[in-house]
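An overview of the molecular structure
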Amino acid sequence: MAEKRVLSIQSHVVHGYVGNKCATFPLQVLGFDVDTINSVQLCNHTGYKHVKGQRMNDSELEEVFSGLVLNDLHGLYSHLLTGYIGTPEFLRKITDVVKTLKKANPKVVYFCDPVMGDNGRFYVPESFVEIYRDELIPLADIVSPNQFEAELLSGKKIVTEKDAWDVLDWFHQHGVKIAVISSTSVRGPDNLLAFLSELLPEESKPRRSTLLMPKIGSVNFTGTGDLFAALFLAHTNANSNASVALEKTVASLQAIIRNTSNRLPPVSQSGEKPGFVHRELRIVQSKKDIEDPEVLIKASAHS
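What comes next is a walk through the structure. Counting restarts for each chain, with residues numbered from 1 along the sequence as it is written. Local features in this predicted model are restricted to residues of pLDDT 70 or higher, and side-chain atom pairs are both shown and tallied only at a pLDDT of 80 or more, whereas totals for entire chains, interfaces and linings draw on every residue. In computing side-chain properties, one takes all heavy atoms of the structure into account and sets aside hydrogens as well as water.

**Notes on the pairing of strand β5 (residues 109–112)**
- Only when DSSP finds a minimum of two bridges between them are two strands counted as paired. Each helix is a run of DSSP H or I of at least 4 residues and each strand a run of E of at least 2, with the numbering of both proceeding from the N terminus. Note: strand β4 (residues 79–82) against β5, four bridges, orientation parallel. Along β5, the bridge assignment pairs Thr-82 with Cys-112.
- Direction of pairing for β5 relative to strand β8 (residues 142–143): parallel, over a ladder of two bridges. Pairing of Phe-111 across the sheet is with Ile-142, part of β8.

**What about the pattern of salt bridges?**
- A pairing counts as a salt bridge when a side-chain nitrogen of Lys or Arg comes within 4 Å of a carboxyl oxygen of Asp or Glu. Tallied over the full model, the rule gives 16 salt bridges.
- Of the charged contacts in the structure, one is a salt bridge between Asp-96 and Lys-93, with a shortest N-O distance of 3.7 Å. Here the residue Asp-96 and the residue Lys-93 both occupy positions in helix α3 (residues 88–104), the gap between them amounting to three residues, near one helical turn.
- Residue burial is assigned from relative accessible area. The probe radius is 1.4 Å, only protein chains are included, and a residue is buried under 20% of its type maximum, exposed over 50%, and partly exposed in between. A relative accessible area of 18% means that Lys-93 is categorised as buried.
- In this structure, Glu-151 and Lys-157 form a salt bridge, with 3.5 Å as the shortest nitrogen-oxygen distance.

**As for helix α8 (residues 242–261)**
- Taking 1.5 Å per residue as the helical rise, α8 with its 20 residues ought to reach 28 Å, and the 28 Å between its terminal C-alpha atoms agrees with that figure.
- Of all 20 residues that make up α8, 16 are buried, and the element is covered over most of its length.
- Side-chain atoms alone can form a polar contact between residues adjacent in sequence; in general such a contact is a pair of N or O atoms within 3.5 Å, and within protein one must be able to donate a hydrogen while the other accepts it. Put simply, Asn-241 is the residue that caps the front of α8, since its side-chain oxygen is 2.8 Å from the backbone nitrogen of Ser-243. Each helix should span, by expectation, one fewer than its residue count multiplied by 1.5 Å.

**Quick look at the packing of helix α2 (residues 58–70) against α3**
- Whenever a helix is involved, its axis is fitted only over the stretch in contact; in every case the axis is a line through C-alpha atoms, and angles between N-to-C directions fall within 0 to 180 degrees. As a packed pair, α2 and α3 sit with axes 9 Å apart at the nearest point and diverge in direction by 15°. With respect to each other, α2 and α3 are oriented roughly parallel. Judged by the twist between their axes, the crossing of α2 over α3 is right-handed. Residues Asp-58, Leu-61, Glu-62, Phe-65 and Val-69 of α2 touch α3, and the partners they reach there are Glu-89, Phe-90, Lys-93, Ile-94, Val-97, Thr-100 and Leu-101. Roughly parallel refers to an angle under 35 degrees, roughly antiparallel to one over 145, roughly perpendicular to one between 65 and 115, and oblique to any angle outside these ranges. Helix crossings fall into two classes, left-handed where the near helix is turned counterclockwise from the far one by less than a right angle and right-handed where it is turned clockwise. What makes two residues a contact is simply this: any of their non-hydrogen atoms within 4.5 Å.

**What about the sheet that holds strand β11 (residues 207–214)?**
- With mixed pairing, the 10 strands of this open sheet are ordered in space as β3-β2-β1-β4-β5-β8-β9-β10-β11-β12. Two strands lie at the open edges of the sheet, namely β3 (53–55) and β12 (300–302), each paired on one side alone.
- Along the sheet, α3 contacts β1 (5–13), β2 (33–42), β4 and β5; its crossing angle with β1, the most-contacted strand, is approximately 165°.
- Each of β8, β9 (178–181), β10 (191–198), β11 and β12 is contacted by helix α6 (residues 161–173), which is oriented at about 40° to β10, the strand it contacts most.

**A few points about the packing of aromatic side chains**
- Stacked, tilted and edge-to-face are the three classes applied to pairs of Phe, Tyr and Trp rings, where Trp contributes its six-membered ring and a pair requires centres within 6.5 Å; stacked means planes under 30 degrees apart, edge-to-face means over 60, and tilted covers the rest. Under the defined criterion, the tally for this structure stands at seven aromatic pairs.
- Ring geometry for Tyr-48 and Phe-276: centres 5.7 Å apart, planes at 40°, overall tilted. A residue pair is termed long-range when its members are at least 10 positions apart, and Tyr-48 in the loop between β2 and β3 and Phe-276 in the loop between α8 and α9 (287–291) qualify at 228 residues.
- Linked through ring pairs, Phe-111, Phe-228 and Phe-232 together constitute an aromatic cluster.

**Re the pairing of β4**
- Here β4 shows no split at all, with His-79 and Leu-81 on one side and Leu-80 and Thr-82 on the other all buried.
- Looking at chain direction, β1 and β4 are connected through four bridges and run parallel. From the neighbouring strand, Val-6 faces β4, where its bridge partner is His-79.

**Remarks on the layout of surface pockets**
- Cavities and pockets were defined on a 1 Å grid built over protein atoms only: a cavity is a set of grid points that admits a 1.4 Å probe from which the probe cannot escape, a pocket is an open set flanked by protein on both sides within 12 Å along at least five of seven lines, and lining residues are those with an atom within 4 Å of any such point. Grid points are joined across faces, edges and corners, and a volume is the space filled by probe spheres set on the points. Estimated volume of the second largest pocket: approximately 400 Å³.
- If you go around the second largest pocket, you meet 19 residues; those closest to its centre are Val-109, Ile-142, Lys-177, Ile-178 and Thr-236.
- Under the grouping applied here, Gly and all other residues not named as nonpolar or charged are polar, the nonpolar ones being Ala, Val, Leu, Ile, Met, Phe, Trp, Tyr, Cys and Pro and the charged ones Asp, Glu, Lys and Arg. Considered class by class, the residues forming the lining of the second largest pocket number nine nonpolar, five polar and five charged.

**As for the nonpolar core**
- In terms of nonpolar packing, the biggest core is built from 49 residues, with Leu-7, Ile-9, Ile-94, Tyr-132, Ile-137 and Phe-171 touching the most fellow members.
- Apart from the residues lying within four places of it in its own chain, the contact partners of Ile-9 are Ile-37, Leu-80, Leu-81, Thr-82, Gly-83, Ile-85, Phe-90, Ile-94 and Val-97. Working definition of a nonpolar core: buried Ala, Val, Leu, Ile, Met, Phe, Trp, Tyr and Cys residues. They are joined through side-chain atoms within 4.5 Å.

Given below as structure tokens:
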């Protein structure tokens, strides 16, 4: 079996779990070596009252990556995973990284999580949409946008299931083999519906499936999209059927959310929700749920 090694380029926080802190442990538990480049290094995620840290720029990325190339290490990677990026210049430099890795190893899988925002709100400059759409998505093998990001990239609103399939077809038309919209409000408000489309070279039509996830509690957790991407990367590598990979990904993800929810302090008499420090995902404590997820929700196939 080929060595499983991921180069993961996304954010890092000292305290808590988003970005590379979300991705590294699950990938290691599932058998991957993980090499990380931190697009930003912050004390904690941006939901906290105070946020301090640094952002890596494009020339610093080029310097670090060139060292890997000079030492002939860039051909070792089976996967490239990209998530939150801090600046448009850094994002554009990712294009060169993808092309260099694919030249060194044509079988390398580029997993692009186009982190731009959620629930109608941007986390990044709006110029990211054009860079992802025109430069990075055509290089990607797997993508995992949320509903907001999928709509931005495709230019299509998702209101119905047909809308979601049209958006996933847009990704296939741009060269993506496996496209998953990690969550949508199509079956809201108490559920999240994920859409998956896999285009195999020997088949004329994509394999489609959905998976309906009941929302757990009323508290939102940060980093779930980053965790989804890492888990789905690992499970698509281990399973020839992407629907099975989606089932296992959601099983672990929901178990981690339940484990985190179960340890939240009670809501105060004023109705104030637990602070971010209590809402950090309990990833390490959920090691068994990552190693051996109990699939409680099955994906539904669609023609």
